[in-house]
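The chain contents come next:
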Amino acid sequence: MSGKADPRPTGEGSTSRTRLDRGRGALGPALELVHTGRAPTRAVLTAELGVTRATAGAVAAELEALGLIRVDARPSAPAGSQGRPSHRLSVAEEGPVALAAQVHADGFRAALVGLGGRIVATAPGCETVDADPAKVLGSVVDAGARLLRQTGRRCVGAGLAVPSAVAEPEGLALNPLHLAWPVGARVREIFAERVRASGITGPAFAANDVNLAALAEHRHGAGRGSRDLLCVATGHRGVGGALVLDGRLHTGSAGLALEVGHLTVNPEGRPCHCGGRGCLDVEADPLALLATAGRVPGPEVSLLQQAKDLIRREYGDPAVRAAVETLIDRLGLGLAGLVNILNPDRIILGGLHRTLLDADPDRLRAVVADRSLWGRSGGVPILACTLDHNSLVGAAEMAWQPVLDDPLGALAGG
């Protein structure tokens, strides 16, 4: 792509159009740079795209005309800078949104998410999940549709996060065990049907919740700047994992990669629903912590919240501290095995695992270092996820992706 303007004399509007035509291929990359916060000014955008200032200006102006970004009218320079002032770029706060939905063992929630991973509005969460996926997905889409009517926002599409591996290309939930949904439920098809029936325009997507959390963290949170990012998390039940390689999720040949919950970390441990014993899925989730600490789960709040509260309020109790150390050791063993296989440059932990890291970071890092091949010579940074509702944000990222790929085609039909 050439960013040079046509040297022949033309009118100002014609010249601008020529620059845009030549830079149209840069619209998507430019939008992604602003979306992920990597191009805060037009000068940075110019450098990142490798185009001329004029072409970058035309690209930014077109994205602003589409209602996606905002270009400050007056250029400014950072305090103390000697460089030439540049126009600041930001996502349009009143621009379009994506409908994001998440279903987990203890309820479901809908939200509207704008560019930049900003949650614009959320609907009150539901704390019961019907065994019929069509009823649940119909309810969560209805909640999202009400948000859209209330806010009057344009919707670019919808994304759904579920606590199950989602097989491609059919979009089947293969192991929604903690939802009591049938194995192989056609979640993407059902979700898309409910989205269309509600009058929401744009494509609909569905994927595993930890995959989507990793995608959101890579673009907007603790994983930003990482090349090979490993995410491991436990939500309300079970353990999931995801891998982002060069900015894209690695999902395998059928969308089923990184089922890390079924790594064996305690051969004599609890039986797992996969048929094995002592898997991370049953040895390092909230229920495992409560059981190891000798606590009986209550019905008042989610298992995840009960486990977090136990650590926060009773960490001084020897039984609770011992349970935390046991789970850290098992989690560390699983992470070490993944480091040996994947060689990531960063690990991020979510859900209860984030709380375990906060409770005793030195112990977890020591276990991973001791049990991984490269631990002593090249330790992998282990960080906590930083985004609230990262699976919801990741669900929205799926809906935003066609716009990021081709803003004109997605929004203007051009």
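This structure is a prediction, so every number in the text was calculated from the model and none was measured. (Residues numbered from 1 in each chain as written. Predicted model: local features only at pLDDT ≥ 70, side-chain atom pairs only at ≥ 80, totals over all residues. Heavy atoms only, no water.)

Caption draft 1: The side chain of H35, seen in detail. Position of H35 relative to the elements: it lies in helix α2 (residues 27–35). Polar side-chain contacts of H35 include one of 2.8 Å to the backbone nitrogen of G116. Looking at H35, its side chain comes within polar contact range of the side chain of H220, at 3.4 Å. In contact with H35, not counting residues within four places along its chain, are V91, L115, G116, G117, R219, H220, E397 and L404. (Helix = DSSP H or I, 4+ residues; strand = E, 2+ residues; numbered from the N terminus. Polar contact = N/O pair within 3.5 Å; in protein donor to acceptor, adjacent residues only side chain to side chain. Contact = heavy atoms within 4.5 Å.)

Caption draft 2: Spatial organisation of the pattern of salt bridges. This model, assessed by the stated rule, comprises 16 salt bridges. A salt bridge links E94 to R153, with the nearest nitrogen and oxygen atoms 3.4 Å apart. Placement of the pair is E94 in the loop between β2 (89–91) and β3 (97–104) and R153 in the loop between α5 (133–151) and β6 (155–162), with a sequence separation of 59 residues. Judged by its relative accessible area of 65%, E94 is exposed. Given a relative accessible area of 15%, R153 falls into the buried group. As a salt-bridge pair, E168 and R188 come within 2.7 Å of each other at their nearest N and O atoms. One end of the pair, E168, is in the loop between β7 (166–167) and β8 (172–173); the other, R188, is in helix α6 (residues 187–197), and 20 residues separate them in sequence. With a relative accessible area of 33%, E168 lands in the partly exposed category. For R188, a relative accessible area of 17% gives the class buried. One connected set of salt bridges, linked through shared partners, spans R270, E283 and R330. (Salt bridge = Lys/Arg side-chain N within 4 Å of Asp/Glu carboxyl O. Buried < 20%, exposed > 50% of the residue type's maximum accessible area, 1.4 Å probe, protein only.)

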